[in-house]
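Here's the letter readout for the chains.
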Amino acid sequence: MDFPKFDGSNPQDWRMKCEHYFDVNNTFPGLWVRISIIYFMGRAASWLRSSRAHLRFPMWEDFCTAVSEKFDRDQHEALIRQMDSIKQTRMVWEFYEQFDELMNQLLVYDPSASSKY
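Remember, it's a predicted structure, so these values are computed and weren't measured experimentally.

## A short note on the packing of aromatic side chains
Part 1 of the reasoning: With the rule as written, the count across this model stands at 16 aromatic pairs.
Part 2 of the reasoning: Measuring from centroid to centroid gives 4.8 Å for Phe6 and Trp14, while their planes differ by 35°, and the two rings are tilted.
Part 3 of the reasoning: Its relative accessible area of 4% is what places Trp14 among the buried residues.
Part 4 of the reasoning: Ring geometry for Trp14 against Phe40: centres 5.5 Å apart, planes inclined by 90°, an arrangement best described as edge-to-face. Here Phe40 lies in the loop between helix H2 (32-36) and helix H3 (42-51) and Trp14 lies in helix H1 (residues 11-24), a separation of 26 residues in the sequence.
Part 5 of the reasoning: Grouping aromatic residues by their ring pairs yields a cluster made of Phe3, Phe6, Trp14, Tyr21, Phe22, Trp32, Tyr39, Phe40, Trp47, Trp60, Phe63 and Phe71.

Written out as structure tokens, the structure is:
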């Protein structure tokens, strides 16, 4: 089973996959940050080197908060803008799939979002 790589996109999804990986492999929680930083790539690796977040936040919860503050900062608003601009231009099922994907992502940030749309 491969460990999830992180390039800065979708930190909520990355965190969930990491935690499942650690659970399945019965990984000691004190190693979670040290293991995860091995798989930072691109923009995320650059941020990690410059911020030294893995040294400043050796505990998983604190580290994930720092990652989220950097890479997830405007995601909720971006999803709302996408939701507001979504239009059916092709087949109904294609629109539904696009809407459903956006809705699932939006629910991560705002569990009450379904009543709005």
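## Some remarks on H3
Part 1 of the reasoning: Restricting attention to buried positions, one finds in H3 the residues Ala44, Ala45, Trp47, Leu48 and Ser51. Down the axis of H3, the smallest arc covering the buried residues is 160°, so these residues share one side. Seen from the buried face of H3, the exposed residues on the opposite side, beyond 90 degrees, are Arg43, Arg49 and Ser50.
Part 2 of the reasoning: Those residues of H3 that are buried lie in contact with helix H4 (53-56) and helix H5 (60-71).
Part 3 of the reasoning: With its phi angle positive at about 55°, Arg52 sits one or two positions after the end of H3.

## Let's talk about the nonpolar core
Part 1 of the reasoning: Ranked by size, the top nonpolar core spans 20 residues in total, and within it Trp14, Phe40, Trp47, Trp60, Phe63 and Val67 carry the most contacts.
Part 2 of the reasoning: Only H1, H2, H3 and H5 provide two or more residues apiece to this core.
Part 3 of the reasoning: Ranked by residue count, the leading element in this core is H5, at six residues.
Part 4 of the reasoning: With residues up to four places along the chain from it excluded, the contact list for Val67 reads Phe6, Pro11, Trp14, Phe40, Trp47 and Asp72.
Part 5 of the reasoning: Counting residues in hydrophobic clusters, the runner-up holds six residues, among them Met83, Ile86, Leu102 and Leu106.

## Looking at the pattern of salt bridges
Part 1 of the reasoning: Throughout the structure, instances matching the rule amount to four salt bridges.
Part 2 of the reasoning: Across the pair Glu19 and Arg15 runs a salt bridge, and its minimum N-O distance is 2.8 Å. Of this pair, Glu19 and Arg15 both sit in helix H1, four residues apart, roughly one helical turn.
Part 3 of the reasoning: For Arg15, a relative accessible area of 21% corresponds to the partly exposed category.

So, how was this worked out
- Residues numbered from 1 in each chain as written.
- Predicted model: local features only at pLDDT ≥ 70, side-chain atom pairs only at ≥ 80, totals over all residues.
- Heavy atoms only, no water.
- Phe/Tyr/Trp six-rings, centres within 6.5 Å; stacked < 30°, edge-to-face > 60°.
- Buried < 20%, exposed > 50% of the residue type's maximum accessible area, 1.4 Å probe, protein only.
- Helix = DSSP H or I, 4+ residues; strand = E, 2+ residues; numbered from the N terminus.
- Arc of directions from axis to C-beta.
- Contact = heavy atoms within 4.5 Å.
- Core = buried A, V, L, I, M, F, W, Y, C linked by side-chain atoms within 4.5 Å.
- Salt bridge = Lys/Arg side-chain N within 4 Å of Asp/Glu carboxyl O.

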